[in-house]
Each structure stands twice: as C-alpha cells, then as structure tokens.
Amino acid sequence: MPYTPAHPDGTNATQDAPASAQFGETVTIPARQGRAVRVAKGQTITVINPRGNQVCDFWALIDGSPAEFLSMEHTRTALGRIYVRTSDVLVTNRRRPLIEIIEDTSPGVHDTVIACCDAQRYEQLGAEGYHDNCADNFRMSLAALGVTPTHVPSPFNIWMNIPVAADGSYTWEAPVSKPGDRITLRAHEDCICVMSACPQDMTPVNGVGVMPCELAFRVV
Ligand SMILES: [Zn+2]
C-alpha cells in the first residue's frame, strides 16, 4: 500500500472530537487524544499543562494551504539554536514567521528535535497491537476540521525534555514543568493549530512512572 500521510494507522476518540472551540473557552484535550483549532492572525493560543508532567506535540498549518506548516528544521535555522525561548518566532517551511512564544510559565524546557510518535514507533518499542500515537492524533484532529494534511511535520514538543550533550548524544528525560504551567503563542498568520497529549508510556517523556494525562488550551 502506498503511504498516504493523511490516513491514520488506527483510531481513537479523537476522530469524534468537536471540530471547533469557542473564543476564550478552555478546552480539555483528554489523555492520549488530539485536538485541532483555527487560530486567526493576531490571536493567541494558550496550552495548559494541568498536572505538569504531560508533553504536548504541537503543530501549526497555514489555514487554506496545509502544505505550508510550522517547521522545526527551518525554525532551528532561523534561531541558530535547537532550544527556543520566550519572544522567539517560529517559522514555516517557506521561512515565514508563524508562531511567536509570548509567555511561558515553565522553566522553558521544550524540544525541537524529536519526531512525533507513531504506530511504527510503538511497534519497534514492542507494543502489542495498536497504540495511540501523536501522528494519528494529528491526522484525526485535522480530519475533524475537514483538513487533509500532505505531510506529518516534526512537531514543536512543548515540555518535552530531551537534553543534547556536547558530543551530540541525547537522553529521554521527564518534563521539568509544574502543575498549571502554560505557554502562550501568537499566530502571525491564519492557521490551524493541532495539539496531541502524547500517549507515550513506554519511555519516560511524560514523567517517570506517570501515565499520560490530559492537557487544555484556550484561544483568545
Ligand atoms: Zn507522542
């Protein structure tokens, strides 16, 4: 079977997710699921980590032109580093400013290096049967809005703690964020933001001995 980037390898309740959010309403992303929401140019989206241990895989695609998306490789080129800071502007694969970090109450440890988890990753880790995953959450969240992605981009991994050593090696560590931490992002273009409460429970990215849990977001 030829690979179709928009087609999920399996499904969960994300596919029945509400297709939108009210302005200013705080929306829960249940554990192991994803949500997509339209964010207009100039609006902000705040992602909230209620328990503090949960990683959010975050994507943004230009509304009406989903082949242009927030790109970690282009962002690293633009920033000259692999870690982001408050007031950084993250760019698309066409090098346009798209997402500006305007507030971050956490210690600021996020990842721009690691691909999102997918069904194949869990197969390789030894999971039995289908395992919820961020790639499928991305696909299902967009399908709920009627959007067909042409690619599953590398996500901005909010609160994911992947320290890179001087020799280039890295390790998987638990998040250092605390309960209630939030990050606020401003859209520089009309876009669709997609968030996945990463269901990774086979490496400690969501905390040592801690189960994947919910996230929340708010568009203002
Ligand atoms: Zn994941």
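Throughout what follows, the structure given in this document is the object of discussion. This is a predicted model, so every value here is computed, not measured.

So, how was this worked out
Residues numbered from 1 in each chain as written. Predicted model: local features only at pLDDT ≥ 70, side-chain atom pairs only at ≥ 80, totals over all residues. Heavy atoms only, no water. Patch = residues over 30% accessible without salt bridge, like charges linked within 9 Å, V, L, I, M, F, W, Y side chains within 5 Å. Areas by Shrake-Rupley, 256 points an atom, 1.4 Å probe, with all protein chains shown as cover. Salt bridge = Lys/Arg side-chain N within 4 Å of Asp/Glu carboxyl O. Helix = DSSP H or I, 4+ residues; strand = E, 2+ residues; numbered from the N terminus. Buried < 20%, exposed > 50% of the residue type's maximum accessible area, 1.4 Å probe, protein only. Phe/Tyr/Trp six-rings, centres within 6.5 Å; stacked < 30°, edge-to-face > 60°. Disulfide = S-S within 2.5 Å. Donors = N, O, S within 2.8 Å, 3.2 Å for Na, K, Ca; no water. Core = buried A, V, L, I, M, F, W, Y, C linked by side-chain atoms within 4.5 Å. Polar contact = N/O pair within 3.5 Å; in protein donor to acceptor, adjacent residues only side chain to side chain. Contact = heavy atoms within 4.5 Å. Arc of directions from axis to C-beta. Pairing = 2+ DSSP bridges.

A cluster of nonpolar side chains, contributed by Tyr83, Val113, Val164 and Tyr170, occupies part of the molecular surface with about 320 Å² of accessible area. Tracing the sequence through the fold places Tyr83 in the loop between α1 (72-79) and β6 (89-91). Exposure remark for Tyr83: the relative accessible area of 37% places this residue in the partly exposed category.

What follows deals with the packing of aromatic side chains. Taken as a whole and judged by the stated rule, the model has two aromatic pairs. Between Trp59 and Phe138 the ring centres are 4.7 Å apart and the planes differ by 45°, which places this aromatic pair in the tilted class. You can see Trp59 sitting in strand β4 (residues 56-62) and its partner Phe138 sitting in helix α3 (residues 134-144), a full 79 residues away along the chain. Comparing Trp59 with Phe138, the two get one shared label, buried. Ring centres of Tyr170 and Trp172 lie 5.7 Å apart, and the angle between their planes is 75°; on these two criteria the pair is classed as edge-to-face. Overall, Tyr170 belongs to the partly exposed group, its relative accessible area being 39%. The exposure class of Trp172 is partly exposed, given its relative accessible area of 28%.

Our focus in this paragraph is the state of the cysteines. A full pass over the atoms with the stated rule returns zero disulfides. Cysteine Cys56 remains unbridged, with the sulfur of Cys134 as its closest cysteine sulfur at 8.3 Å. Overall, the relative accessible area of 0% leaves Cys56 in the buried class. Considering cysteine sulfurs only, Cys134 is the nearest to Cys116, which forms no disulfide, with 6.1 Å between them.

Octahedral six-donor coordination of a metal ideally yields angles of 90 or 180 degrees, compared with 109.5 degrees for tetrahedral four-donor coordination. Here the zinc ion is held by the protein donor atoms Cys117 (SG), Cys134 (SG) and Cys198 (SG), which lie 2.2 to 2.3 Å from it. We note that the donor set of the zinc ion lies within a single chain, spaced as C-x16-C-x63-C. With a gap of 64 residues between them, Cys134 in helix α3 and Cys198 in the loop between β10 (191-197) and β11 (215-219) connect regions that are remote in the sequence. By relative accessible area, Cys134 is classed as buried at 0%.

With that out of the way, let us pick up the nonpolar core. Counting 32 residues, the largest nonpolar core has Ile45, Phe58 and Phe156 as the members making the most contacts within it. Formed by 23 residues, the second largest nonpolar core is a distinct cluster that contains Trp59, Phe138, Val147 and Cys198.

This part is about the side chain of Ser141. Position of Ser141 relative to the elements: it lies in helix α3. A polar contact of 2.6 Å, which involves the side chain of Ser141, links it to the backbone oxygen of Asn137. The residues contacting Ser141, other than those within four sequence positions of it, are Thr14, Gly34, Arg35, Ala36 and Val194.

The next thing to look at is the pattern of salt bridges. Following the criterion strictly, the structure yields 11 salt bridges and no others. A salt bridge links Arg38 to Asp63; the nearest nitrogen and oxygen atoms lie 2.9 Å apart. With Arg38 in strand β2 (residues 34-39) and Asp63 in the loop between β4 and β5 (65-69), this residue pair connects regions lying 25 residues apart in the sequence. Taken together, the shared-partner salt bridges in this structure form one network comprising Asp9, Asp136 and Arg139.

Here we take up α1. Among the residues making up α1, those that are buried are Met72, His74, Thr75 and Leu79. Viewed along the axis of α1, the buried residues span an arc of 160°, placing them on a single side of the element. Residues of α1 that are buried make contact with β6 and β8 (156-158). In the segment just after α1, Gly80 is the residue with positive phi, at about 75°.

By the criterion of burial, α3 is predominantly enclosed, with nine of the 11 residues buried. Packed against the buried residues of α3 are β2, β4 and β10. Between the side-chain oxygen at the start of α3 and the backbone nitrogen of Ala135 there is a gap of 3.3 Å, and the oxygen is on Asn133. One or two steps after α3, the chain reaches Gly146, where phi turns positive at roughly 75°.

With four of five residues buried, β11 lies mostly within the body of the structure. Pairing analysis gives four bridges linking strand β1 (residues 26-29) to β11, with the strands arranged antiparallel. When the sheet's bridge partners are listed, Thr28 is paired in β11 with Ala216.

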